[in-house]
Amino acid sequence: MPAENAAIANKTHPAAWTYDNIDSMRRELKRLGFSYDWDREIATCKPEYYKWEQWLFLKMYEKGMAYRKEALVNWCDSCQTVLANEQVEADLCWRCGEPVRQKKLWQWFFRITDFAEDLLVYCDKLAGWPEKVIAMQKNWIGKSLGTFIKFPIENMDEHIPVFTTRPDTVFGATFMCLAPEHPLVKKLSTGTSHEENIDNFIERISRQDRSSRALDNYEKEGVFTGAFCINPLSGKKMPVYTANFALMEYGTGAVMSVPAHDQRDFEFAKKYDLDIIVVVKPPDEDLDVSSMTEAFTGEGVMVNSGDFDGANSKKAIDDISSFIEEKDLGKRTVNFRLRDWGISRQRYWGAPIPMVHCNECGIVPVKENDLPVILPEDVDLLEGGKSPLSELDYYARVKCPKCGSPDARRETDTMDTFVESSWYFERYCSPDCSDRIFDKDAVDYWMPVDQYIGGVEHAILHLLYSRYYTRVLNALGLVQYREPFTRLLTQGMVCKETFTCPEHGFIFPEEVNDKGAQPVCEKCDNNIIVGRVEKMSKSKKNVIDPNTLLEIYGADTTRLFCLFAAPPERDLEWSEQGVEGGYRFLKRVWRISFITVDLIMDAVPFNGGVDEIEGEFLDLYRKTHYTIKKVTNDIQDRFHFNTAISAVMELVNRIYAIDNLSDKLKKNIINAGVMKFTLESAALMLSPIVPHFAEELWESLGHEESILLSPWPSYREEVLVQDDILLVVQVNGKLRSRFNISRNTGEAAIKETALSDERVQKFIGGKPVKKVIIVKNKLVNIVV
RNA sequence: GCCUGGGUGGCGGAAUAGGUAGACGCAAGGGACUUAAAAUCCCUCGGUCAUUAUGGCUGUGCGAGUUCAAUUCUCGCCCCAGGCACCA
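Quick caveat, the model's predicted, so the values are computed rather than measured.

Engineer: Explanation requested: the overall build of chain A in the structure shown.
Structural biologist: Scanning chain A for helices and strands turns up 26 helices and 33 strands. Scaling as 2.2 N^0.38, a compact globule of 784 residues should have a C-alpha radius of gyration of about 28 Å, whereas chain A reaches 35 Å, well beyond that. Dimensions of chain A, computed from C-alpha atoms along their principal axes, come out at roughly 110 × 85 × 65 Å. Scored against the burial criterion, the 784 residues of chain A give a buried share of 46%. The long-range fraction of contacts in chain A, counting pairs at least 24 apart against all pairs at least 6 apart in sequence, stands at 66%.

Engineer: Explain the packing of aromatic side chains here, please?
Structural biologist: Remark: the centre distance and the inter-plane angle together describe each pair of aromatic rings, the angle taken between the planes. Counted according to the given criterion, the structure contains 42 aromatic pairs. Ring centres 4.4 Å apart and planes at 15 degrees place the aromatic pair Tyr 49 and Trp 423 in the stacked group. You can see Tyr 49 sitting in helix 3 (residues 47–62) and its partner Trp 423 sitting in the loop between helix 12 (417–420) and helix 13 (424–429), a full 374 residues away along the chain. Across the pair, Trp 423 and Tyr 49 agree in class, each one buried. An aromatic cluster is defined as three or more aromatic residues linked by ring pairs; in this entry it consists of Phe 57, Tyr 61, Trp 94, Trp 108, Phe 110, Phe 115, Trp 341, Phe 418, Tyr 465, Tyr 468 and Tyr 469. Of note, Arg 471 hangs over the ring of Tyr 122, and the distance from its end group to the ring centre comes to 5.1 Å.

Engineer: What's the story with the sheet that holds strand 11 (residues 254–257) in this structure? I'm lost.
Structural biologist: If you walk across this open sheet you meet the 4 strands as 9-10-8-11, and the pairing is mixed. Edge positions in the sheet fall to strand 9 (222–230) and strand 11, since each of these pairs with one other strand and no more. With strand direction ignored, the average angle separating the axes of adjacent strands in the sheet is 25 degrees. Sheet topology note: the strand 9/strand 10 (residues 237–243) ladder contains 6 bridges and is antiparallel. Across the sheet, residue Phe 228 finds its bridge partner in strand 10, namely Pro 239.

Engineer: Looking at this structure, I do not really get the sheet that holds strand 15 (residues 341–342). What am I missing?
Structural biologist: The strands making up a sheet associate through backbone hydrogen bonding, with each pair oriented either parallel or antiparallel. The sheet built from 4 strands is open, its strands ordered 2-1-5-15 with antiparallel pairing. On the outer flanks of this sheet lie strand 2 (81–83) and strand 15, each paired with one strand and no other. Judged from the 11 bridges that link them, strand 1 (residues 66–76) and strand 5 (residues 100–110) form a sheet pairing that is antiparallel. Bridge assignment links Leu 72 to a residue of strand 5, and that residue is Lys 104. Sheet strands touched by helix 3: strand 1 and strand 5. Its angle to strand 5, the strand with the most contacts, is close to 85 degrees.

Engineer: So what exactly am I meant to see when it comes to the pattern of salt bridges here?
Structural biologist: Side chains that differ in charge, positive against negative, can pair when their charged atoms come close. The full count for this structure, using the stated rule, is 40 salt bridges. Among the ionic pairs, Glu 368 bridges to Lys 59, the shortest N-O distance being 2.9 Å. Taken together, the residues Glu 368 in the loop between strand 18 (362–365) and helix 11 (393–396) and Lys 59 in helix 3 connect sequence positions 309 residues apart. Within the structure, one salt-bridge network assembled from shared partners comprises Asp 118, Arg 467, Arg 471, Arg 482 and Glu 483.

Engineer: Can you help me understand a negative patch on the surface in this one?
Structural biologist: A cluster of acidic residues, Glu 696, Glu 699, Glu 704 and Glu 705, forms a negative patch at the surface. With respect to the helices, strands and loops of the structure, Glu 696 is situated in helix 23 (residues 691–700).

Engineer: Explanation requested: the packing of helix 18 (residues 576–600) against helix 23 in the structure shown.
Structural biologist: The relative placement of two packed helices comes down to the angle between their axes together with the axis-to-axis distance. For the pair helix 18 and helix 23, interaxial distance at closest approach is 11 Å and the crossing angle is 5 degrees. Accordingly, the angle class assigned to the pair helix 18 and helix 23 is roughly parallel. Of helix 23, the residues touching helix 18 (which contributes Leu 586, Val 589, Trp 590, Ser 593 and Val 597) are Phe 693, Glu 696, Leu 697 and Ser 700. Partitioned by chemical class, the residues of the contact of helix 18 with helix 23 number 6 nonpolar, 2 polar and 1 charged.

About the criteria used
Residues numbered from 1 in each chain as written. Chains lettered and ligands numbered in written order. Predicted model: local features only at pLDDT ≥ 70, side-chain atom pairs only at ≥ 80, totals over all residues. Heavy atoms only, no water. Helix = DSSP H or I, 4+ residues; strand = E, 2+ residues; numbered from the N terminus. Rg over C-alpha atoms; globule rule 2.2 N^0.38 Å. Buried < 20%, exposed > 50% of the residue type's maximum accessible area, 1.4 Å probe, protein only. Contact = heavy atoms within 4.5 Å. Phe/Tyr/Trp six-rings, centres within 6.5 Å; stacked < 30°, edge-to-face > 60°. Lys NZ or Arg CZ within 6 Å of the ring centre and 35° of its normal. Pairing = 2+ DSSP bridges. Axes fitted to C-alpha atoms, helices over the stretch in contact; angles between N-to-C directions. Salt bridge = Lys/Arg side-chain N within 4 Å of Asp/Glu carboxyl O. Patch = residues over 30% accessible without salt bridge, like charges linked within 9 Å, V, L, I, M, F, W, Y side chains within 5 Å. Areas by Shrake-Rupley, 256 points an atom, 1.4 Å probe, with all protein chains shown as cover. Lys, Arg positive; Asp, Glu negative; His and termini not counted. Charge placed at Lys NZ, Arg CZ, Asp CG, Glu CD. Parallel < 35°, antiparallel > 145°, perpendicular 65-115°, else oblique. Nonpolar A, V, L, I, M, F, W, Y, C, P; charged D, E, K, R; others polar.

It is worth stressing that arrangement in space is one thing and function is another; only the former is reported here.
Written out as structure tokens, the structure is:
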């Protein structure tokens with residue numbers, strides 16, 4: 001659907017649009033020097049891929065994991081299609097931002113709710129995932145423990161089932177609210193004097209769009225149906241209302257209203273003058289209904305609740321639930337917010353759903369041998385995104401796979417784009433496998449993904465769907481694991497300040513003339529307003545074209561800046577000057593190497609004992625080993641490339657700090673060896689970050705083989721061990737002095753040296769020393 | 001309202017296991033080189049009070065606490081970002 005919308009906007013065919021994009025993306029990624037294994041490249045819009053998606057759909061259909069039902073679904077008028085709940089953000093379409101309305105349609109669904117509990121339980125086992133994403137998923141699944149209770153309807157052999165998380169307040173339920181769409185609403189009001197009122201209300205509410213229904217200040221209103229139900233615990237007669245705040249899609253679509261203990265119910269009761277009964281009171285005070293201004297939702301002591309009076313309300317939840325179960329009035333249940341995944345899209349550009357509608361046989365799956373059902377590509381798109389498929393006779397008209405009737409029709413809805421992305425990583429393991437969905441051995445070898453990377457915007461879209469799909473594959477015996485991604489890193493977005501011109505609105509950075517004191521618009525010379533730093537977006541024009549950047553600085557500087565500016569999970573604030581700084585660093589490395597390369601060409605990278613080296617070069621040698629240790633750790637374990645880069649910067653600064661470097665290298669072959677070791681290590685450490693640069697540097701140092709074939713540098717712990725240690729002295733926790741001391745000096749000697757220090761003495765000022773804390777090889781704290 | 005993060009110089013950010021706060025870079029200021037400019041190299045750079053010193057005081061959103069020692073741990077509060085939200 002995203003590709004199709006873009007293709008329509010650009011007056012081209014989605015296929016052409018998609019393949020063009022893949023081509024330019026591949027080019028850009030290669031140009032930036034990404035080391036992807038291009039032999040495994042797949043395109044999910046090709047029949048070789050979606051054939052297996054359709055195959056999987058058939059398997060899911062067989063097992064009842066995929067089904068069709070008529071339901072109220074999210075419909076986007078602008079995109080002309082249904083959206084899954086996950087694809088509606090604040091009641092707007094995730095793709096085009098237009099409002100979404102509810103529409104009743106027959107649709108295909110995946111039974112993701114069957115795995116709700118499992119998806120939730122495993123959230124806590126995803127140790128390598130950011131907490132933020134876990135929290136969002138848990139929230140989305142929305143498990144709540146409660147009780148399901150039947151409220152008998154007066155003078156009728158029927159009851160209203162409700163779901164509540166607060167069974168302790170049942171005695172305080174004084175009225176009932178049904179969702180306007182609830183089937184009982186019509187049933188109770190039909191033929192009564194309330195019918196017209198109710199019908200008008202339902203009609204009015206259904207016309208209101210969801211976004212206004214979700215507003216904070218949206219007024220709670222309802223209409224009496226004329227019927228009463230009986231509170232099964234208190235025996236009280238409760239009027240049955242239909243109310244706009246009751247949601248058909250949550251729980252049972254009916255709310256047992258307890259105005260004393262639920263704010264929403266409280267407001268409703270006040271408005272319609274309904275009874276309020278307090279059944280839980282705070283431990284240290286009494287509640288008076290007439291003076292209450294809001295509901296009491298806290299924990300407390302039970303009152304007005306028959307045998308349960310005096311108990312703690314939290315305990316009463318359990319006791320009342322048990323009582324209800326014993327009397328067969330209801331039972332404990334678990335309710336989830338998560339609903340089944342609607343995957344039908346009334347759009348053209350997607351994998352066809354391999355199903356046939358036959359007048360005789362009903363819904364019939366396409367035979368496995370007849371897969372793939374190929375999406376015809378020689379079609380013209382219709383205005384406004386409406387799918388041409390249902391009007392393509394040669395596609396839509398089909399023989400029934402079961403009875404052979406020639407009048408059957410193909411399912412012309414296509415699958416949600418997120419179905420494609422829910423299993424591509426398995427396909428990567430054996431991209432050319434043609435007789436099966438994937439090669440089992442290859443999947444066993446590679447999967448699950450050790451480290452997955454993606455944006456947070458997929459926290460509950462792609463990442464939840466993929467976790468679900470993995471469970472489906474697992475249930476079908478196709479894979480042995482349940483979780484697709486062991487570790488997850490959600491990278492930040494690239495952000496930049498916006499520029500607004502009073503005349504031209506948002507303008508591109510290259511349209512800003514910043515030569516004067518005040519930046520002005522190139523086109524009209526008006527002063528420019530510099531807006532806040534926001535995610536780069538075409539609409540706000542705060543973008544940098546990567547190609548321009550590659551032209552000016554090349555791939556390495558671009559990579560270096562991106563990795564240096566912030567740790568990867570954080571948003572990156574784009575800075576032209578920062579890029580310039582990265583460029584400067586590379587030139588600095590190149591220059592020092594260029595100056596010294598002839599002097600060290602014949603030297604062997606030093607690898608001997610530290611006692612052979614002297615002075616600054618010993619220091620440099622140690623620093624190199626230390627840097628290797630830090631960089632290795634930063635890159636491998638922490639993914640903190642920014643600190644890895646800064647460590648190499650420090651190392652390079654250390655070289656620059658040596659006076660008369662050339663002379664010292666000329667005079668002493670050991671010094672030259674140290675220098676060579678340092679430069680080679682620097683090249684190797686920089687190679688993942690600036691691969692092209694590192695390769696050049698490597699060659700200039702006399703290597704004929706690619707740097708990629710050289711092993712990662714290793715450090716020796718014994719080189720790091722220094723005999724002379726800098727010891728910091730604190731008096732009462734404040735830094736007062738420091739001195740060098742031999743590594744293994746005994747505590748007594750350290751104490752003596754510290755106490756005899758002139759500056760330390762000054763701050764002790766003759767006061768008695770209470771305590772001396774010595775942290776080995778680090779500091780001394782003297783408490784006076 | 002609820003759930004997650006997060007508040008450190010002019011700015012991006014360091015401080016990995018409670019132990020020298022501000023690494024590294026950007027910007028700024030000063031100097032060297034140059035006829036000049038660019039490029040490059042060197043120095044300064046949290047605040048404040050001092051200018052004999054390896055200086056004093058203060059400082060990681062605010063307020064308390066634990067500790068010899070807190071950016072780091074605990075409690076309360078404020079602010080920012082993201083997510084969820086008539087969810088019964």
